[in-house]
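Residue-level structural notes
Next come the chains, spelled out residue by residue.
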Amino acid sequence: MGNPKAFLSVPRKEAGYRPIHDRIHDFGEVEQTLNSNDRRTQASRCMDCGVPFCHWACPLGNKPPEWNDALFKGDWQLAYELLTTDNDFPEFTGRICPALCEKACVLNLMDHNPTTNREDECAIIEHAFSEDYVQPRIPSRNGKTVAVIGGGPAGLAASTRLNQLGYKVTVLEACESAGGLLRYGIPNFKLNKAIIDRRIALLEAEGIEFKYNQNIDSTKLPKGYDAYVIASGTPTARDLTIPGRELNGVYLALEMLSQQNRVLAGMQFKNNELVNAKGKDVLVIGGGDTGSDCIGTANRQGAKSVTQIEIMPKPPVGPEDPNSPWPNWPRTMKTTSSHEEGCTRRWNINSLEFLGKDGKLTGVKVQEITWEPNPEGGRPIMKPVGKPEVIKADMVLLAMGFLKPQHPQFQDNVFVVGDAASGASLVVRALASGRDIAEEIDRKLSH
Amino acid sequence: MQQETTNGLYNASNEHDACGVGMIVNIHGNKSHEIVDSALKVLENLRHRGAEGADGKTGDGAGILLQIPHEFILLQGIPVPEKGKYGTGLVFLPKEKKRQQEILSIMIEEIEREGLSLMHLRNVPTNPECLGEAAISTEPDIKQIFVTGVTDDKVDSFERTLYIIRKKIEKRVADEDFYICSLSNKSIVYKGMLSSLQLRQYYPDLTNNYFTSGIALVHSRFSTNTFPTWSLAQPFRMLAHNGEINTIRGNRGWMQARESVLSSKRLGSVSDISPIIQPDMSDSASLDNVFEFFVMSGLSLPHAMAVMVPESFNDKNPISEDLKAFYEYHSILMEPWDGPAALLFSDGRYAGGMLDRNGLRPARYTITKNDTMVVASEVGVMDFDPSEIAEKGRLQPGKILLIDTLDGKIYYDGEIKERLAAQHPYRQWLNTNRIELEKIHSGRKISNKIDDLKIKEIEFGFGEEDINDTIIPMATSGQEPTASMGNDTPLAVLSDKPQLFFNYFRQQFAQVTNPAIDSIRENLVMSLTEYIGRVGTGILNPDETNCKMVRLSHPILTNTQLDILCNIRYKGFNTIKLPITFDGSRGGDGLHEALDELCSRAEKSVDDGYNYIILTDRDSDDNNVAMPSLLAVSAVHHYLISVGKRVQTALIVESGDIREVMHAALLLGYGASALCPYMTYAILDDIVKNGKIQENYNTAEANYIKAVKKGLFKIMAKMGISTIRSYRGAKIFESIGLSECLLNTYFGTETSTIGGIGLETIAKDAIAMHNDSIEAREKKTETPLPTLGQFHWRKDGIQHAWNPETIATLQLATRTGNYDTFKKYTAFADKKEKPIFIRDFFDFKRRPIPIEKVEPVEKIVKHFVTGAMSFGALSKEAHEALALAMNKLGARSNTGEGGEDEDRFHSTFDGISLNSKTKQVASGRFGVTTEYLTNAEEIQIKVAQGAKPGEGGQLPGFKVDEIIAKTRHSIPGISLISPPPHHDIYSIEDLKQLIFDLKNVNPHAAISVKLVAESGVGTIAAGVVKAKADLVVISGAEGGTGASPASSMRFAGISPEIGLSETQQTLVKNGLRSLVRLQVDGQLKTGRDVIMMALLGAEEFSFGTSVLITLGCVMMRKCNKNTCPMGVATQDPKLRAHFRGSYKYVVNYFTFLAQEIREYLAEMGYTSLNDIVGHTELLVPLATDNAKLASLDFTRLLHKETGDSSMYCTKSQEHDLEGILDKQIISGSKKAIETNGEVDLDFAIKNTDRAVGTMLSGYIEKYKSDLREKGNNKVVEPTINVKFKGAAGQSFGAFLVNGVDFKLEGETNDYFAKGLSGGRISILPPIRSNFNAEDNIIAGNTGLYGATSGELYINGKVGERFGVRNSGAISVIEGAGDHCCEYMTGGRIVVLGETGRNFAAGMSGGVAYVWDKNHNFDYFCNMDMVEINLVEESSYRKELHELIRQHYLYTGSKLARTMLDDWSKYVEDFIQVVPIEYKRVLQEEQVKKLQQKIADMQRDY
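Worth saying up front: this structure is predicted, and the values here are computed from it rather than measured.

Another aspect to go through is the overall build of chain A. Counting its secondary structure elements, chain A contains 18 helices and 14 strands. Taken along its principal axes, the extent of the C-alpha atoms in chain A is 65 × 60 × 50 Å. A sequence separation of at least 24 residues applies to 70% of the contacts in chain A between residues at least 6 apart. Carbon together with sulfur atoms contributes 49% to the accessible area of chain A, which is approximately 19,300 Å² in total. Charged side chains in chain A number 51 positive and 55 negative. The centres of these two groups are separated by 3 Å.

Cysteine pairs can be covalently joined through their sulfur atoms, and such a bond is termed a disulfide. According to the stated counting rule, one finds zero disulfides over all chains in the structure shown. Sulfur of C97 of chain A: no disulfide; nearest cysteine sulfur belongs to C101 of chain A and is 6.4 Å away. Here C566 of chain B stays free of any disulfide, with the sulfur of C676 of chain B as its closest cysteine sulfur at 9.3 Å. Look at C566 of chain B and you get buried, because its relative accessible area is 14%.

Turning to the side chain of N803 of chain B, a few remarks are in order. Looking at the secondary structure, you find N803 of chain B in the loop between α24 (759-779) and α25 (804-816). Overall, the relative accessible area of 15% leaves N803 of chain B in the buried class. At 3.1 Å, the side chain of N803 of chain B and the backbone oxygen of H800 of chain B are in polar contact. If near-sequence neighbours (up to four positions away) are discounted, N803 of chain B is found in contact with V51 of chain A together with W793 of chain B.

Residues and elements named next belong to chain B. The strand order across the open sheet built from five strands is β9-β10-β11-β15-β16, with neighbouring strands paired in antiparallel fashion. Whereas interior strands pair on both sides, the edge strands pair on one side only; in this sheet they are β9 (239-243) and β16 (409-411). With strand direction ignored, the average angle separating the axes of adjacent strands in the sheet is 10°. In this sheet, β16 lies alongside strand β15 (residues 400-404) in antiparallel orientation, the contact comprising three bridges. What sits directly across from D404, in β16, is K409. Each of β15 and β16 touches helix α12 (residues 413-422); the most contacted strand, β16, lies at about 75° to it.

The omega torsion across W326 of chain A and P327 of chain A is 5°, close enough to zero to call that bond cis. Of note, the amide linkage connecting Q234 of chain B to P235 of chain B takes the cis form, showing an omega dihedral of 5°. Tracing the chain through its elements places P235 of chain B in the loop between β8 (215-223) and β9.

This part covers the interface of chain A and chain B. Each partner contributes residues to the interface: chain A has 32 residues there, and chain B has 33 residues. With both sides pooled, the region where chain A packs onto chain B buries about 2,800 Å², and carbon together with sulfur makes up 66% of that total. Counting every contact that joins chain A to chain B gives one salt bridge. Residue R794 of chain B pairs with E66 of chain A through a salt bridge whose shortest N-O separation is 2.8 Å. In this structure, the connection of chain A to chain B is made through 13 residue pairs in polar contact (both at pLDDT 80 or more). Among the elements of the structure, α1 (6-9), α4 (53-57), α5 (64-72), α6 (76-86) and α9 (106-111) of chain A are those that each provide at least two residues to the side of chain A that touches chain B. Of the residues contributing to the side of chain A that touches chain B, the split by class is 21 nonpolar, four polar and seven charged.

Moving on, we come to the sheet that holds strand β3 (residues 209-211) of chain A. Residues and elements named next belong to chain A. Pairing in this open sheet of five strands is parallel, and the strands run β3-β2-β1-β4-β14 from one edge to the other. Strands at the two margins of the open sheet, each flanked by one partner only, are β3 and β14 (414-416). Taken pair by pair, the neighbouring strands of this sheet meet at an average axis angle of 20°, ignoring direction. Docked against the sheet, helix α18 (residues 427-445) engages β4 (227-230) and β14, running at close to 160° with respect to β14.

This part covers helix α3 (residues 36-43) of chain A. All names here are of chain A. For α3, the complete set of buried residues consists of R39, Q42 and A43. All buried residues of α3 fall inside an arc of 100° around its axis, so they share one side. Next to the buried residues of α3 lie α5, α6 and α10 (117-130). N-cap assignment for α3: the residue whose side-chain oxygen lies 3.0 Å from the backbone N of N37 is N35.

All right, on to the pairing of strand β6 (residues 281-285) of chain A then. Residues and elements named next belong to chain A. Summarising burial for β6: five of the five residues are buried, a large majority. The two faces of β6 match: D281, L283 and I285 on one face and V282 and V284 on the other face are all buried. Note that β6 and strand β7 (residues 305-309) share five bridges and pair parallel. Within the sheet, the bridge partner assigned to V282 lies in β7 and is V306.

A few words now on the pattern of salt bridges. Any two side chains of opposite charge can pair, given that their charged atoms come close. Residue and element names in this part refer to chain B. The final tally for this structure, using the stated rule, is 134 salt bridges over all chains. Note that K876 and E880 form a salt bridge whose closest N and O atoms lie 3.5 Å from each other. With K876 and E880 both in helix α28 (residues 876-889) and four residues apart, this pair spans about one turn of that helix. Assessed through its relative accessible area of 17%, E880 is described here as buried. The partner of K1223 in a salt bridge is E1218, and the shortest N-O contact between them spans 3.7 Å. In this structure K1223 comes out as partly exposed when scored by relative accessible area, which is 34%. In this structure E1218 comes out as exposed when scored by relative accessible area, which is 65%. Counted as one network, the salt bridges with shared partners bring together R166, K167, E170, R237 and E292.

Rules behind the numbers
Residues numbered from 1 in each chain as written. Chains lettered and ligands numbered in written order. Predicted model: local features only at pLDDT ≥ 70, side-chain atom pairs only at ≥ 80, totals over all residues. Heavy atoms only, no water. Helix = DSSP H or I, 4+ residues; strand = E, 2+ residues; numbered from the N terminus. Contact = heavy atoms within 4.5 Å. Areas by Shrake-Rupley, 256 points an atom, 1.4 Å probe, with all protein chains shown as cover. Lys, Arg positive; Asp, Glu negative; His and termini not counted. Charge placed at Lys NZ, Arg CZ, Asp CG, Glu CD. Disulfide = S-S within 2.5 Å. Buried < 20%, exposed > 50% of the residue type's maximum accessible area, 1.4 Å probe, protein only. Polar contact = N/O pair within 3.5 Å; in protein donor to acceptor, adjacent residues only side chain to side chain. Pairing = 2+ DSSP bridges. Axes fitted to C-alpha atoms, helices over the stretch in contact; angles between N-to-C directions. Buried area = accessible area lost by both parts, 1.4 Å probe. Salt bridge = Lys/Arg side-chain N within 4 Å of Asp/Glu carboxyl O. Nonpolar A, V, L, I, M, F, W, Y, C, P; charged D, E, K, R; others polar. Arc of directions from axis to C-beta.

Pasting the structure below:
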């Protein structure tokens, strides 16, 4: 560790976002970057803990103390090598990971100013690309083949590892491009799609074959592979089946988000197909990250107003969550860049009915509720309080999560991975799941 | 003659002893009974240095060596021929007639074989009634034999013939009750398993007036256990030894190896009398055997002594070049027998004494005008009228004193050594034959680079931590890295990862029975110099060819040096390289065969005349796997010893697996002479080339080697060993997890504590690493080396007991006070995936009872204490939280070694006292004042610390702020160092004395002694109990630490389970267990841990890391850097602000723990914790299917001893405080104390009056303290003047407080004025004496140790180590021995005379003035930390003048008077010694004052 006392003298410095007025009109990435000097100074704050909770918290087992030290010492190449021993796609996680590691950082316990692991990670990999440290690594082949169904984070992680282990990997992707939710869920202002393209190109160069527009029925897997990885994610979003659901103007969040990303990728849509918030009063139902992405997208499309409602209570404000203390992830009130860009947020709101006129949505009847403890234990009981009210809306975006997919009984050589296996979760978990399954497949197939 | 065998962990070879010795000689050899009688009196006056067993009656052994009392024998009606023509001696025989007859017939046979006859067999009269039970049960039949028949022409060699006869008889008789005390025509030994007082009673011979002798040598023994045997009593045939030979294993091994070259003309073939060393005897007995052998072979007594126990002869020692050459010549032939030693020896004509090179035992002598000389461990053992005394002195380190009673001459060291040195032209022999490696250069360029470095790194098991956390710090800073917070990883044998073979070994270290050496401050006695080559004709035939050797200044070779060694062509040196690899495809068998092959090739190489053998694994390849270098070296070493070819060659190791200091130490300790860590050099080469460090290669390499050297010094010093020559092959290690078979075959060790793996697993691990490297090469992996997780937890790394789950859950549970969460925590901690600790292998038997029946939580918490963590290591907040918590629970917290702010003694927070109940006394004696000690419930003597046994500590200057400085009686900003040994505990009898001292200060406090687990800790503990400790702590090696050298944290000491179990077994066996409480520590976390430890024998449990974690510690392991982000282990106010702990969390922790223990007790069916203590039969080892784990054998560990009525403490110790002199002084001064009045008292004093003034001081302090406790801040300032006449016992005036003024007319023994806390002591020679006061020693060693304030004036010289760790007292003396003012941090010391070597070593504060009349003081001063100047500044001159004036005032010193009379002349000869750091502080203070003055002036304007 270069400077054991840096954390005392160097304050945490985040690169921060572009100013709202500047970023609100485009889909460019909102996050800025620090110059490399500041970056290294930030890395020096890492204390090289005897028990690194960051490493423990990270599903991938990333080791910030090691690469932060290399980064601080200016050894970008070593930092890159250390980083990528655990993480195959730091350019993704470095942008969109909620950074469990930072919440588990001892400096977060000490004064809520953890090391800037996520940004450091991103800086290291971007530096590595620009310095051409990142080169295709072509393994020697072991003669076995694996089909990976789905080119999202889990599928890509599994493919990468398997490929490196010498398997011939074919990715069968349902969409026209690889990346899954990275490409068709996360807005470009958070993750520029060129980043994905760059990675896919690299993977192709390393020998992974990508086949697009492949709608694979998991009960009828294509023949001829030694193993199969089902990495098809959670295709089904949770719907809100209250009266008026059929009205025009009620969309699932992904309908909007994926379309927007495709538009930005140059795809053309007919007017009647467009899901666009321009000039509309938008209501986002669901208070999570997807909801937040909807807000950012709606604002960029030129929404008149954006409101976000959530059925659960407002989480605790401030850095600590008494119900999930350090080093666990705190479920506290989060304000994203999209929130900053303008929206009304409400909690404890239950949606009763979509109201419409002429088949077109005009508003949503909602009611404030409260949660009372369940005398029998388990989930608390919802009790209405106050009178139903109407929120005016021309557009509703349902961002209420995804349903965990059900799978048939597979044969021994079929492995389910990522969201497809465990339900919707973080990209970093999908990556971890992907690489773990690769190891497992290798163990099984090499016997 | 081992009497006790056992199935448990007790091993008789671990016995230690220490003793009192004395000698009375009439210089002219005039025989008288008075000498015999006086010698017995001397023995009786030394009785406090001996000990008794549990029956309170059986002594550990006492004896006397005398000249043969010819007249007495004749008077017994035994018709012996004239003096010198018969041999006699006492023989111990079995009582059984048949066995006795058999032995006697062998004896007769051997005597007659030499043409002599057994003329008479006398039944020696004895008085068994006086014996204790244990002594009676082993009492032999004692007969005196008389051998006659020597013809006149053979009288000269008669003594030798008797020796040969004795050796041959010993060789033939295997009866354990048989022993020949002596057989000589000059001297005779009476001894037995007796106490000092019993010797006279038991042998009526000795009280017969016709029993006369001109020489008498006595010895009383203090053994650490209660099975001392009759034969182990001393004196032996030629010597009595007070001390211990630390290198004994090596010395015995080398002696065995050497026998093949030890035949001599005088003695004939050595095989007739082999083994020279009688097996199964004590270290002292072995020393005597070899000493006797040399003397019989024709060496003079002093010559043999100087060869075996040489003084230090490096640059720091003022001896002649010829003498240095003498020592160097002999050092090639024989390694020193190293360890503390006061040796008294006699062959019946000559009698003499000698001290070890370090002077670690006291020996004082007095010569009277009527030519009697007394030498003894203490002065005052014999009364002389002051006017009779001609000379007083002390034996000095490494020096010999010899009396020839025939010629009536005393020979002093200088003369003796000069003669020895002049015997042969040693200097010339060395110069023409010995080669110094450092001075040879070759033109060859040797590359340090290795191709495919990473692949090789994997092959030899390197991880990133090895490079970043070990090699780089060593290469950049020249020292080993520091680590903190203990070792919570599994033992090598419990780990599922392939292990470096080195990991199975742990360093042993000295505790209590012998001191560690201070390898930094007292480096002058240490040496790493080695010789390699072929020993020719040996010691008995002086010859210059013996010097044909290569001298290495240290054993770490560079690649270049190794190359030179391989290619020395001239003078006939030649060498051979033997590969240490095995066929990997054949596994364990392959390894086995390769070792056999290696050994026989080594033997052949010796036969072929190779001067040294290089064992190398450079040639490992795909098929040939490198075998662990340690295994290879040890196998060859032991094999060559067994075939008698070891000394003819040297072993050098060139191996890739060496990287750490411990690795080097192991290789040397198991027989290598030198080593070359070529992989480390390759890594250095790589990191230098890649710019990872700024040093160039040569600097990096030099730094690395320097670090290894320093580390070796430290590891040797830990065991009290001074030279690498005696460390080599001394096997000062123990192994954990290796099978008995493996140890027997390759390591020359008989027992294995818990069994373990053999060659099969070793081969498997080596092959696994080897295969990893092949795989890495094939896959061309580019990933960096992994961090294996030794110092940093990693998900896929080495398992740690403290990991995110355990830490976070424990914090949550104790913070929220939620017992369910606590149970989650204990589940995490107990149900590990894989075992980490030995206790993880056990379950316990169940027989449930309702929990209501079990004793309440409130009672159970009383069994808990918090570990010793100093204020200084911990922040104020954390330290106080621990005190509050424990006081709230009614348990005890521990101050640690840093003292405690006196404000805390009487103040409270939340209504709870802030006073820590346990006050620790460590070697640094920081803040150990009388007040501190009187405010304790328990006083703990820290002999060793789990994380770094045998080492001192250091609190870096940046951690010493105002308040810490105040608490430790030092100065802010100055580093505080605690020395490795307590300078008042060099032996078990010293510890007994310290316990006595502390008991005097505070009779209400329990005295505890903290030891660290190692093999043999049980016997040490038994000794400690016999030394009257009330509580013994067995500290596990896993224990935490604020800062410790990384290798010590991992490689010193053993698991608490083994140490505890051995201690319990030994104490119970000895009948001592019920006298003492037994406490354990070492990574205890949960109720289950406590139950396991209780079952193994502990009744108190100490917690360190776990309580710190409840206070917020997250195991950063950065305590040493002062950057603890949680404010726990830091002094930085910014960080302390982040402290989130509360004493309440700690209370929660212990309450939960107690509750969990209740639940377990209920499951087990017991109602109280005490009921399960020591009940190992309730432990059930868990089954395992892992082969490595299944190889462990816990039979010894779980063995249950019987012998004591109780398995836990049920009685209390008898401290013998009644009838001491202080009782009289106290009753005489009570009134003065209560009324602030004045009193004058007079007493006669004897050497048996020990710690005089100490109880008085404690009494005064307690009186003050009681007043303050009641809120009464009345000033208590009595004036108590006491005059003493006589020779004071040890610890005179220890802890003397303000208001007490002692004046001693006479002399004093060791430890006078120790811990002086404000009192005044003056010591002067008796008024009627007429020797020059300033030339005579009147006070012993280690005076003023750890004094904090007060005054001490001595009109005479003092012994070694005066003023060590003085932090505030002032003193004037008239001459000092070695190491004066060591580690001093404050106060003033004036020396009006010569000083010994190493003045002011480690001195960081205070000022010393030395009268440098010979203008050579700079040679004697250790200038590492101080500056010396003339006394020029007027304020200093004034100060010095005033000090000398006071000295004159209190002692009437003639010298002081002379100086004052001619001040301006004398002051010019004074030198002022000021520590550099202190000077800065003084200057800063001056500047501050000046600034203040200026500021004041400006304000006035």
